[in-house]
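Architecture and fold: a report
The lines below spell out each chain.
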Amino acid sequence: MSVSIQSSDWSDYSEQSHSNALGSTNAGMKLNTPLVGWAAFSATFRVMFVEEFRENLDFAKKRRILLFPLLVALVTMVATIGLQFLVGEGAAQGADTDSNSFTWDELRFALHLPLLFFSLGMGSFAFLGREKVLARTGTKNYLLASPALQPLTNPTAHFAYYVKDLTYYVMLILTPVISGMAIGILLESFTDVSTPLEYSSLPRTWVAMSVTLAQGLAFSFIASSLWLLGGWFSRLTPFFVVAIGTVIGLGLLPRQYFLWGLATQQPDGLILAIPALLASICLAWIASQLVLDDFEVKVVSKKEIFLPAWARLRFLGNGPLRLLVAKEAVDLIRSGSLKKMIVSYSVPLIVLLMMAWLVDFAEAPIPINLLSYAPFLGFFGFNFYSWLTALDSPEHMNGLPLSVPQLIRAKVTVYFLATTWISVIFLCLMAWRLDEWAVLPVGLIVMIANSIYIVCLTAFLMGLAPNKAIFDAKIMTWFWIGTVIPLLSLFLLSFTQGDVSFYENWADQVQDKGLQAEAVDFDNEKMATGFKGILAVSAGLVAAAILLMKLLDRKWGRAEFNN
Amino acid sequence: MSDSEESLVVAKDLGKRYGDFIALHPLNVKVSSGEFFGVFGPNGAGKSTFIKLLTGQLRPSIGAVEVLGINAAKSPQKLKANIGIVPESESPPSYLTPGEFLQFVGKLRGIEDLDSKVKYWMDWFGLQEKSDTMCKDLSKGQRQKVMLASAFIHEPKLLFLDEPFANLDPIYQRKCRQWLLDMVKKGGTIFLCSHVLEMAERMCNRMAIINHGKVLAAGTVKGLKESDEETLEDVFIRLVGHSIEEAERLSDEGVNEEE
């Protein structure tokens, strides 16, 4: 029975090889063999599923979490009934159905593309795992961090997490979507409504959507794993992603090549579901194998940036808002999330820019213009705000003379400081792309008003936990009502401004008709009213945002700091 | 320590650094079975880094570790399946109940008769009434009990404990202390990190004092004292206090920071 221990100075150490056994023994103990492979995956998957459900339940309460799938089913049911108008089979359609309706291929594409983007956004499991490992000594701990202490590998835990998330989304989102479609078809039997959708297509749609979901999660997972490997992988991954995006955007590859679910939904495509699912799962497995068993928490000394940040925020006064904004700014910079957040904020804006280009290119019959896009640019604030709330656990603030509304206001302020310039750049790019510089000032007003309103609405409804609130049907109903009504109003009002490229034809008309020239393509009076309407709605949104910020104290004033 | 004795823990030139910051200077250690060995030091001395390196939670920058004949860097899962670890500040997964967590860690280790063992340790720690409560809703002390139960459930012969009694009430401190002493009597081995010197006097047969990632002194509790009148606290201040003064002197002279 003994111990020997001695240390030497690092500077005295000379490199030696320790490849041989060091001579320790198990002293005759019978050693346990840790679970590996399927057994380890199965044990982990089961508890992870329970963990996910409990976490959502914890925030949203049982009644509301059950309402979420119901809400999804209801919205899908309405969409199913409205489908007849989209494909040109409804009574409301005129004779010119070709120009005002979508083909089934376009509709399928419109179903799978957003689903792919959603899954890409949710699937960066390597980043998520790293965050959980780093935060495991905090107040919340998750099974994804358990390999640090338990006989479980990071690849097994991450693969189980992928399968858990896939299963969870299929159950909570895709299955209610298909159920909603089924109810929509069922209504045909009892009411006058009709839908071109048939029961027989539902299983195929469910499988196809599951394929897209599995694919998006796997792609995002492998991109995050490669990024975390560091070195050349970190540098090459973004180039690879941009290259794929460019190839797809330029139409060099058919859509089905990058949307495996879409390929599955084509006639005779169902057979592709199995290889596509297997390919996605294999990709996710490879991604999980790339996650290293790394539980290091780097100790890095940093220069003081809190006080310099605080000093620069003089315009916020001397109260707690200035202090909290400075603290949030430090979190944003030190956590290394700023780049990731800016990229995640910019991706939907790039998609919108591409859409603007496509609509312009395809000469769509609807007079979509810069003012039609402006409200959507503001809409993407939800994502950024969600990231901001997940940066740091706010529970340490429970002991400080601060309130939750103060922290929420600080996060909203940081959101504006960090993102407004990006939105402005994108709107300018759109104005350039669509050659609609004349409406840019109004576009900026609409965009900023929407941006202010959407983030204030998110903050008001969801507080410090928007990531959990998305599964709360009650909150999402209010969010849906609160966003769709103003967005739709602005979108529809933008059409009154007509195809602003009309101005370009003005000279031609004058040349042809002389003094008889007039704006025959649209109603000037209607345009003026619409313009006032746009400004009025924007002003209303700003007023609503201010009101929501005032109401924060009533809703969150007694809440504890918790995300 | 004679070479003929069997060592459960062997580390050679084990060191850890993060850039310019040295968390643990190269260190050689051998611990044989039946030891209750304590590593003591002030906050930030390198105790937790030391224990994490020995248990495969961290990869060493230099040197190697072998525990129970298992290379800690190469087979961390196999090592973790056969030792018990109680970390300093980690909690059980927030959204599992204590019983679910114990089932999970027991299954990962391939323990037989798991249900009865889970029940036994839940009873032992008085957690039966909390069996339906998620760990996030437990008190700090109750969460610590769950972590201790997860380290004891497979009845390992080698335990690594980092501040194990933090947040435990005196009754369970005594109960755990007695259990650990009994375990050592039966041939078990315990490696303990703490800054609570009382634990050394009550439990450890050997101890080391470290600071700034270096071992300042090691030996039996009695052997470290210069006289019968000297308390362990005096020893600690004599050894560590000096190095703290040294650190403060260096700090006054200026330390370069990096961004």
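Not measured: the values here are computed from a predicted model. (Residues numbered from 1 in each chain as written. Chains lettered and ligands numbered in written order. Predicted model: local features only at pLDDT ≥ 70, side-chain atom pairs only at ≥ 80, totals over all residues.)

Details of the overall build of chain A
Within chain A, the secondary structure is distributed over 21 helices and one strand. Here chain A holds 563 residues, and 36% of them are scored as buried. (Helix = DSSP H or I, 4+ residues; strand = E, 2+ residues; numbered from the N terminus. Buried ≥ 20, exposed ≤ 12 C-beta atoms within 10 Å, placed from the backbone.)

Some points on the overall build of chain B
Looking only at helices and strands, one finds eight helices and ten strands in chain B. Whereas a compact globule of 259 residues would reach a radius of gyration of roughly 18 Å, chain B reaches 19 Å, a difference of no more than 12%. Dimensions of chain B, computed from C-alpha atoms along their principal axes, come out at roughly 55 × 45 × 45 Å. Long-range pairs, those at least 24 residues apart, make up 67% of the contacts in chain B with a sequence separation of at least 6. (Rg over C-alpha atoms; globule rule 2.2 N^0.38 Å. Contact = placed C-beta atoms within 7 Å.)

Quick notes on the domain arrangement of chain B
Residue and element names in this part refer to chain B. Assigned domains of chain B: these are domain 1 (7-83 + 157-252) and domain 2 (93-155). Once you take the C-alpha centre of each, domain 1 and domain 2 turn out to be 26 Å apart. Contacts between the two partners involve nine residues from domain 1 and, on the opposite side, seven residues from domain 2. Tallied by class, the residues present in the side of domain 1 that touches domain 2 amount to seven nonpolar, one polar and one charged. (Domains from an automatic or database assignment. Nonpolar A, V, L, I, M, F, W, Y, C, P; charged D, E, K, R; others polar.)

Describing the sheet that holds strand β4 (residues 62-67) of chain B
Strand order in the open sheet formed by five strands is β1(A)-β2(B)-β1(B)-β4(B)-β5(B), with antiparallel pairing between adjacent strands. In this open sheet, the two strands that pair with only one neighbour each are β1 (3-7) of chain A together with β5 (70-71) of chain B. Inspection of the sheet shows strand β1 (residues 7-18) of chain B paired to strand β2 (residues 21-32) of chain B by eight bridges, in the antiparallel sense. Residue pairing for β2(B): Ser7(B) is matched across the bridge by Ser32(B). Of the strands in this sheet, β1, β2 and β4 of chain B touch helix α1 (residues 47-54) of chain B, which is tilted by about 125° from β1(B). (Pairing = 2+ DSSP bridges. Axes fitted to C-alpha atoms, helices over the stretch in contact; angles between N-to-C directions.)

Brief notes about the sheet that holds strand β6 (residues 84-86) of chain B
Residue and element names in this part refer to chain B. Spatially, the six strands line up as an open sheet ordered β6-β7-β8-β3-β9-β10, and their pairing is mixed. The strands lining the two open edges of the sheet, one partner per strand, are β6 and β10 (214-219). Averaged over all adjacent pairs, the angle separating strand axes in this sheet is 15°, with direction ignored. Sheet topology places strand β3 (residues 36-40) next to strand β9 (residues 206-211); four bridges connect them, and they run parallel. For Val39, the partnering residue across the bridge sits in β9 and is Ala208. In this fold helix α5 (residues 140-152) packs onto β6 and β7 (158-162), with an angle of close to 165° to the strand it touches most, β6.

A short note on unusual backbone geometry
In this model, Asp268(A) sits at a positive phi of 65°, which is unusual for a non-glycine residue. Mapped onto the elements, Asp268(A) comes out in the loop between α9 (260-265) and α10 (273-289). By the C-beta count within 10 Å, which is 6 here, Asp268(A) ends up exposed. Positioned with a positive phi, Asp13(B) is a non-glycine residue whose angle comes to about 50°.

What about the interface of chain B and chain A?
Taken together, the 72 residues of chain B in the interface contact 56 residues of chain A. Counting residues per element, the side of chain B that touches chain A draws most heavily on β2(B), at eleven residues. Broken down by class, the residue content of the side of chain B that touches chain A amounts to 33 nonpolar, 18 polar and 21 charged. Pairing between β1(A) and β2(B): five bridges, direction antiparallel. Bridging from a neighbouring strand, Gln6(A) pairs with Asn28(B) of β2(B).

Looking at the environment of Gln6(A)
By the element assignment, Gln6(A) lies in strand β1. You can call Gln6(A) exposed: it has 12 C-beta atoms within 10 Å. Residues contacting Gln6(A), with those up to four places away along its chain left out, are Asn28(B) and Val215(B).

What about the packing of helix α15 (residues 381-390) of chain A against helix α16 (residues 404-434) of chain A?
Residues and elements named next belong to chain A. Two elements in contact, α15 and α16, have axes separated by 10 Å at closest approach and are oriented at 125°. Between α15 and α16, the angle is such that the two are oblique. Seen from above, α15 lies across α16 with right-handed handedness. Residue-level contacts link Gly381, Phe384, Tyr385, Leu388 and Thr389 of α15 to Lys411, Val414, Tyr415 and Thr419 of α16. Looking at the contact of α15 with α16 residue by residue, the classes come out as five nonpolar, three polar and one charged. (Parallel < 35°, antiparallel > 145°, perpendicular 65-115°, else oblique. Left-handed = near helix turned anticlockwise from the far one by under 90°.)

What to know about the confidence of the model for chain A
Residues and elements named next belong to chain A. Residues of chain A with pLDDT of at least 70 account for 86%, and the chain-wide mean is 82. Per-element confidence in chain A is highest for α10, whose mean pLDDT is 96, and lowest for helix α2 (residues 97-100), whose mean pLDDT is 48. Below a pLDDT of 50 lies the segment residues 91-99, which in the model reaches seven contacts outside its immediate sequence neighbourhood of four places, other chains included. Contacts from residues 500-504, a stretch scored under 50 in pLDDT, to residues over four places away or in other chains number five contacts. (pLDDT = per-residue confidence, 0-100.)

Here's the deal with the pairing of β2(B)
Most of β2(B) sits inside the fold, with nine of its twelve residues counted as buried. The loop that links β1(B) with its antiparallel partner β2(B) comprises two residues; one of these, Gly19(B), has a positive phi angle of about 65°.

Here's the deal with the packing of helix α3 (residues 98-108) of chain B against α5(B)
All names here are of chain B. In the contact formed by α3 and α5, the axes pass within 10 Å of each other and the chain directions differ by 25°. Accordingly, the angle class assigned to the pair α3 and α5 is roughly parallel. When the axes of α3 and α5 are compared, the crossing they make is right-handed. The residues of α5 that touch α3, namely those facing Pro98, Phe101, Leu102 and Val105, are Val146, Ala149 and Ser150. When grouped by side-chain class, the residues that make up the contact of α3 with α5 number six nonpolar, one polar and no charged.

Considering the nonpolar core
Soluble globular proteins: nonpolar side chains tend toward being buried together. Cys456(A), Leu54(B), Val67(B) and Phe191(B) are the most contacted members of the largest nonpolar core, which has 208 residues in total. Domain assignment of the residues forming this core places at least three in each of domain 1 (7-83 + 157-252) and domain 2 (93-155) of chain B. Contact partners of Cys456(A), with chain neighbours within four places excluded, come to Val412(A), Ala545(A), Leu548(A) and Met549(A). (Core = buried A, V, L, I, M, F, W, Y, C linked by C-beta atoms within 7 Å.)

A word on α10(A)
Residue and element names in this part refer to chain A. Here α10 is 17 residues long and its end C-alpha atoms lie 24 Å apart, about the 24 Å a rise of 1.5 Å per residue gives. Inspection of α10 places Ala273, Ala276, Leu277, Ser280, Ala284, Ala287 and Ser288 among the buried residues, and these make up the whole buried set. The arc that holds the buried residues of α10, viewed along the axis, is 115°, so those residues lie on one side. Across from the buried face of α10, at angles greater than 90 degrees, the exposed residues are Ile274, Leu278 and Cys282. Those residues of α10 hidden inside the fold are in contact with α5 (154-190), α6 (201-229) and α9. (Expected span 1.5 Å × (residues − 1). Arc of directions from axis to C-beta.)

A short note on the pairing of β1(B)
Residue and element names in this part refer to chain B. Within β1, nine of the twelve residues are buried, which leaves the element mostly enclosed by the surrounding structure. Across five bridges, β1 lies against β4 in antiparallel orientation. Each bridged residue has a counterpart across the sheet, and for Lys12 the counterpart in β4 is Ala64.

Section: helix α17 (residues 440-462) of chain A
All names here are of chain A. Helix length check: α17, at 23 residues, gives a terminal C-alpha distance of 32 Å against a target of 33 Å (1.5 Å per residue), a fit within 8%. Counting buried positions along α17 yields 17 of 23 residues, so the element is predominantly enclosed. Positive phi appears at Gly463, one or two residues downstream of α17, with a value of about 60°.

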